[in-house]
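Overview (structure and organization)
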Amino acid sequence: MASYISEPENQAKIKRFLKDDSEEPELVHFLKDYPSKEYFRFVPSEGFQKAEGVGHTEPKMFSSVVRTIPDDTLVEKEQRAFHRPQPLDLQQQHMAAPTPVSPSRPRSPWGRLDPYDSDEDDREYVGFATLPNQVHRKSVKKGFDFTLMVAGEAGLGKSTLVNSLFLTDLYKDRKLLNAEERILQTIEITKHVVDIEEKGVKLRLTIVDTPGFGDAVNNTECWKHVTDYIDQQFEQYFRDESGLNRKNIQDNRVHCCLYFISPFGHGLRPLDVESMKALHQRVNIVPVLAKADTLTPCEVERMKSKIRDEIEQFGIRIYQFPDCDSDEDDDFKTQDQALKESIPFAVIGSNTVVEAKGRRVRGRLYPWGIVEVENPAHCDFIKLRTMLVRTHMQDLKDVTRETHYENYRAQCIQSMTRMVVKERNRKHEEERWSVLS
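The structure displayed is predicted, hence computed values, not measured ones.

1. Brief notes about the overall build of the protein
- What the protein contains, in helices and strands, is 13 helices and 14 strands.
- Counting over 437 residues, the protein shows a buried share of 36%.
- Taking the contacts inside the protein whose residues are at least 6 apart along the sequence as the reference set, 65% of them involve residues at least 24 apart.
- Accessible surface, the protein as shown: approximately 28,700 Å² in total, 52% of it carbon and sulfur.

2. Notes on the packing of aromatic side chains
- Under the definition given, this model contains six aromatic pairs.
- For the pair Phe-213 and Tyr-259, a centre-to-centre distance of 6.2 Å together with 90 degrees between the ring planes defines the contact as edge-to-face. Taken together, the residues span a long stretch of sequence, with Phe-213 in the loop between strand 8 (201–209) and helix 8 (224–242) and Tyr-259 in strand 9 (residues 256–261) at a distance of 46 residues.
- Judged by relative accessible area, Tyr-259 falls into the buried class, the value being 1%.

3. Here we look at the pairing of strand 12 (residues 353–356)
- Here strand 12 shows a clear split, with Val-354 and Ala-356 buried on one side and none of Val-353 and Glu-355 buried on the other.
- Relative to strand 13 (residues 359–366), strand 12 is paired through four bridges, and the arrangement is antiparallel. Across the sheet, Val-353 pairs through a bridge with Arg-362, a residue of strand 13.
- Hairpin connection between strand 12 and strand 13: a loop of two residues separates the two successive antiparallel strands, and Lys-357 in this loop has a positive phi of roughly 55 degrees.

4. A word on the pattern of salt bridges
- Within this structure, the stated rule accounts for 21 salt bridges.
- For the salt bridge of Glu-153 with Arg-269, the shortest nitrogen-to-oxygen distance reads 2.7 Å. Of this pair, Glu-153 sits in the loop between strand 6 (144–151) and helix 6 (158–166) while Arg-269 sits in the loop between strand 9 and helix 9 (270–279), and the two are 116 residues apart along the sequence.
- Judged by relative accessible area, Arg-269 falls into the partly exposed class, the value being 33%.
- Between Arg-253 and Asp-251 there is a salt bridge, with its nearest N and O atoms 2.8 Å apart. The same class applies to Arg-253 as to Asp-251, namely buried.
- Ionic contacts of the salt-bridge type, sharing partners, join the residues Glu-153, Arg-269 and Asp-272 into one network.

5. Quick notes on the sheet that holds strand 12
- Taken in spatial order, the three strands of this open sheet run 12-13-14, and their pairing is antiparallel. The two strands at the open ends of the sheet, each matched to only one other strand, are strand 12 and strand 14 (369–372). Averaged over all adjacent pairs, the angle separating strand axes in this sheet is 75 degrees, with direction ignored.

6. Some points on the packing of helix 11 (residues 330–341) against helix 12 (residues 381–391)
- Interaxial distance between helix 11 and helix 12 falls to 10 Å at its minimum, and their mutual angle equals 120 degrees. Taken together, helix 11 and helix 12 sit at an angle that is classed as oblique. The element helix 11 and its partner helix 12 pack so that their crossing is left-handed. Contact with helix 11, carried on its side by Gln-335, Ala-338 and Leu-339, involves Lys-383, Thr-386, Met-387 and Thr-391 of helix 12 and no other residues of that element.

7. Comments concerning the state of the cysteines
- Under the counting rule described, the total for this entry stands at zero disulfides.
- As a non-bridged cysteine, Cys-256 has Cys-257 as the owner of its nearest cysteine sulfur, 7.0 Å distant.

8. Some thoughts on the sheet that holds strand 10 (residues 285–289)
- Taken together, six strands build an open sheet; the order of strands is 7-8-6-9-10-11 and the sheet is mixed. Of all strands in the sheet, those with a lone pairing partner are strand 7 (190–198) and strand 11 (345–346), marking the two edges.
- Pairing geometry for strand 6 and strand 9, over four bridges, is parallel. Note that in strand 9 the partner of Met-149 across the bridge is Cys-257.

9. Observations regarding helix 13 (residues 393–436)
- The terminal C-alpha atoms of helix 13, which comprises 44 residues, lie 63 Å apart, in line with the 64 Å expected from a rise of 1.5 Å per residue.
- Along helix 13, the largest kink reaches about 35 degrees and is centred on Glu-406.
- Buried within helix 13 are the following residues: Met-393, Leu-396, Lys-397, Asp-398, Thr-400, His-404, Tyr-405, Tyr-408 and Cys-412.
- Elements in contact with the buried residues of helix 13: strand 6, strand 8, helix 8, strand 9 and helix 12.

10. Some points on a nonpolar patch on the surface
- Taken together, the side chains of Val-126, Phe-128 and Leu-131 define a hydrophobic patch exposed on the protein surface, amounting to about 360 Å² of accessible area.
- Judged by its relative accessible area of 60%, Phe-128 falls in the exposed class.

11. Focus: the confidence of the model for the protein
- With 67% of its residues at a pLDDT of 70 or more, the protein shows a mean pLDDT of 75.
- In this model, residues 87–106 is a region of pLDDT below 50 whose contacts with residues beyond four sequence positions or in other chains number 24 contacts.
- In the model, residues 108–112 has pLDDT below 50 throughout and makes eight contacts with residues more than four positions away in sequence or in other chains.

12. Some words on the side chain of Arg-385
- Residue position: Arg-385 is located in helix 12.
- Leaving out residues up to four positions away in the same chain, Arg-385 has contacts with Leu-165, Arg-362, Glu-374 and Arg-390.

13. Focus: helix 9
- The element helix 9 is largely enclosed, with a buried count of seven among its 10 residues.
- Within the span of helix 9, buried status applies to Leu-271, Asp-272, Val-273, Ser-275, Met-276, Ala-278 and Leu-279.
- Looking at the buried side of helix 9, the elements it contacts are helix 8, strand 9 and strand 10.

About the thresholds
- Residues numbered from 1 in each chain as written.
- Predicted model: local features only at pLDDT ≥ 70, side-chain atom pairs only at ≥ 80, totals over all residues.
- Heavy atoms only, no water.
- Helix = DSSP H or I, 4+ residues; strand = E, 2+ residues; numbered from the N terminus.
- Buried < 20%, exposed > 50% of the residue type's maximum accessible area, 1.4 Å probe, protein only.
- Contact = heavy atoms within 4.5 Å.
- Areas by Shrake-Rupley, 256 points an atom, 1.4 Å probe, with all protein chains shown as cover.
- Phe/Tyr/Trp six-rings, centres within 6.5 Å; stacked < 30°, edge-to-face > 60°.
- Pairing = 2+ DSSP bridges.
- Salt bridge = Lys/Arg side-chain N within 4 Å of Asp/Glu carboxyl O.
- Axes fitted to C-alpha atoms, helices over the stretch in contact; angles between N-to-C directions.
- Parallel < 35°, antiparallel > 145°, perpendicular 65-115°, else oblique.
- Left-handed = near helix turned anticlockwise from the far one by under 90°.
- Disulfide = S-S within 2.5 Å.
- Expected span 1.5 Å × (residues − 1).
- Bend = angle between axes of the 7 residues up to and from the residue.
- Patch = residues over 30% accessible without salt bridge, like charges linked within 9 Å, V, L, I, M, F, W, Y side chains within 5 Å.
- pLDDT = per-residue confidence, 0-100.

Here's what the structure looks like:
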């Protein structure tokens, strides 16, 4: 039967308990804020010292109720190694007093990978584990940009393929030239900018087209207009980077060049070799075998093998896929290996929706059947889109920044240094002649 003691006796027992162990500053501060007349429920912990008198009394609540524990229970507790009471954890005490509410944390877009979704103590985390979430939010708010160049002679389906890749119509007002106008046409650079948004992610896509490339009777150095445009973008970025206002720099550097190869031939033409050799030091080249539906599957494989051999033979450096990390899963490694083996990508473009076997697909309708653009058994369109958009877009931008642009920047700095040294030597020479005279 529980016995009741007076309030002063209860206060004396609490003070005696605190006096026996002086390592409870948090509890002392707590008792000052909440006097003993307010009752709090307390979960007993091991290590309480044995009270004087008959039996052993252990406080269950900071109130006037004390529970008596029989002596036979003390035998087991006395056999345990003596240890000092640990600091009390307010989360384990289940006290009725109001506890301060912890500040709310931002939810992670990564779901279960958020370290703050754990039930463990908040004090175990400093907070830098949420840095990827901060970068993600900032990047999504700022948006992304990507510049894609398409190069190749007219009639290979460059415009159709671009529209199929990004599900847009970038060439609404395009005017097709006749044969006489194409003879007089010169190479020009046209740029189309479109803002695309998908699931809250904004992409500023820039398509750089090269009409007139390889269409003239004399195609000597017809690639010079393309290389000059790429260098101009590097120069503009270098000027902006070296200027005073570096906060809002518009990145118009060309990140990737889809070079279209004609299927009507036996591999690369001399124009293709010279053009790609002039471009590979400035931009990431991704070779594309155009109009693959004009070839049989055996001819496609034979053409691909021929193009790969000639690329290696002439020392053309196309875009190299990065090696997979050891911690990548098997599915990603298999997909990456399939993309590497598909170079050059045999593609088919179409903006027409046709009906095949009761379903509507994008493809081309022939008397002998339908060629589906998004069917991996018909072409490499899905693989090209996967590489260009879903898996390697950021790597294409990184290679442009870390390799091609850095090479251009190093050349500019070397040229500027040589000019400074040359001007300094000229002044020293003039001063020497003035002294001698």
